[in-house]
Amino acid sequence: MSSIYKDQFRSGVGMVLLNDQNKIFAGKRNSINTKMVSWFLKKPWQMPQGGIEEGESPIEAAMRELNEELGTNNVEIIAETTEWLEYIVPFGLRRKDHNFIGQRQKWFLMKFLGKDEDINLRSSEHSEFDSWRWMSPGNIIRLSVHFKRSLYLEVFKNFKVYFDQLCQKDHEFTKN
């Protein structure tokens, strides 16, 4: 990405959260919080993500976002991306309250240490998701919004060595 756009990306974090069967947490976007619903006619799925607040480190932001979005941050950090990854939001879907064209994110691979019952999507007043499930990487890419698909592919490539170790039986991911 050209440096001319550098300041037009919101700094954020994303989390690849694995359960004990090495499936990934995906949340279905809450229709109240997204204008994408009417555009896509169905709610997209995504992995947890969020902005970094002033004075916050990426890992602090990741832990806060997990607690806000899932009601728990009972996780073990396995890895993080060495580079910041970017995506651009299509013009008609951008928020009007800031001038960002997309997000620049640090991603974390995490193991969920809790139980499914610990996940509470209504734990904060600004719920992001109205439902959730554990998915394979391929299903997350297939069910996400089109402008995040290449980002998710890049995230999974960054963590491929860990997926190879953790998910040896997940042929859907290791085929490519």
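Located above this text is the structure these notes cover.
In this report, the structure presented in the accompanying data block is examined. None of the values given here were measured: they were computed from a predicted structure. (Residues numbered from 1 in each chain as written. Predicted model: local features only at pLDDT ≥ 70, side-chain atom pairs only at ≥ 80, totals over all residues. Heavy atoms only, no water.)

### Section: the pattern of salt bridges
For the record, the criterion: Criterion for a salt bridge: a side-chain nitrogen of Lys or Arg within 4 Å of a carboxyl oxygen of Asp or Glu. Segments assigned H or I by DSSP are reported as helices when at least four residues long, segments assigned E as strands when at least two residues long, and all are numbered from the N terminus. Relative accessibility decides the category of a residue: with a 1.4 Å probe and only protein chains considered, values under 20% of the type maximum give buried, values over 50% give exposed, and everything between is partly exposed.
Following the criterion strictly, the structure yields 7 salt bridges and no others. Close ionic contact of Arg-64 with Glu-68 constitutes a salt bridge, the shortest N to O distance being 3.3 Å. Here the residue Arg-64 and the residue Glu-68 both occupy positions in helix α2 (residues 58-70), the gap between them amounting to 4 residues, near one helical turn. Given a relative accessible area of 17%, Arg-64 falls into the buried group. Among the ionic pairs, Arg-104 bridges to Glu-86, the shortest N-O distance being 2.8 Å. A residue pair is termed long-range when its members are at least 10 positions apart, and Arg-104 in strand β7 (residues 102-112) and Glu-86 in strand β6 (residues 85-88) qualify at 18 residues. Residue Glu-86 is classed as partly exposed on the basis of its relative accessible area of 28%.

### What to know about helix α4 (residues 149-158)
Put simply, the rule reads: This arc is built from the directions going out from the helix axis to the C-beta atoms.
Of all the residues in α4, the buried ones are Leu-151, Tyr-152, Val-155 and Phe-156. Projected onto a plane normal to the axis of α4, the buried residues spread over an arc of 135° and lie on a single side. Of the exposed residues in α4, those oriented more than 90 degrees away from the buried face are Ser-150 and Lys-157.

### With respect to the packing of aromatic side chains
The test is simple: Note on aromatic contacts: the rings of Phe and Tyr and the six-membered ring of Trp form a pair at centre separations within 6.5 Å, being stacked when their planes are under 30 degrees apart, edge-to-face when over 60 apart, and tilted otherwise.
Inspection of the entire model under this criterion finds 8 aromatic pairs. Between Phe-159 and Tyr-162, the aromatic rings sit 6.5 Å apart at their centres with planes inclined by 65°, giving edge-to-face as the arrangement. Within the aromatic cluster, the residues linked to one another by ring pairs are Phe-25, Phe-112, Phe-129, Trp-132 and Trp-134.

### Some details on the environment of Glu-80
What counts, and what does not: Throughout, a contact is declared for two residues whenever any of their heavy atoms are within 4.5 Å.
As for its placement among the helices and strands, Glu-80 is situated in strand β5 (residues 75-80). A residue is classified by how much of its surface remains accessible, and Glu-80, at 44% relative accessible area, is partly exposed. In this structure the C-alpha to C-alpha distance between Glu-80 and Gly-14, which are 66 residues apart in sequence, comes to 9.7 Å. When sequence neighbours within four positions are dropped, the list of residues in contact with Glu-80 reads Lys-106, Trp-107, Phe-108 and Phe-159.

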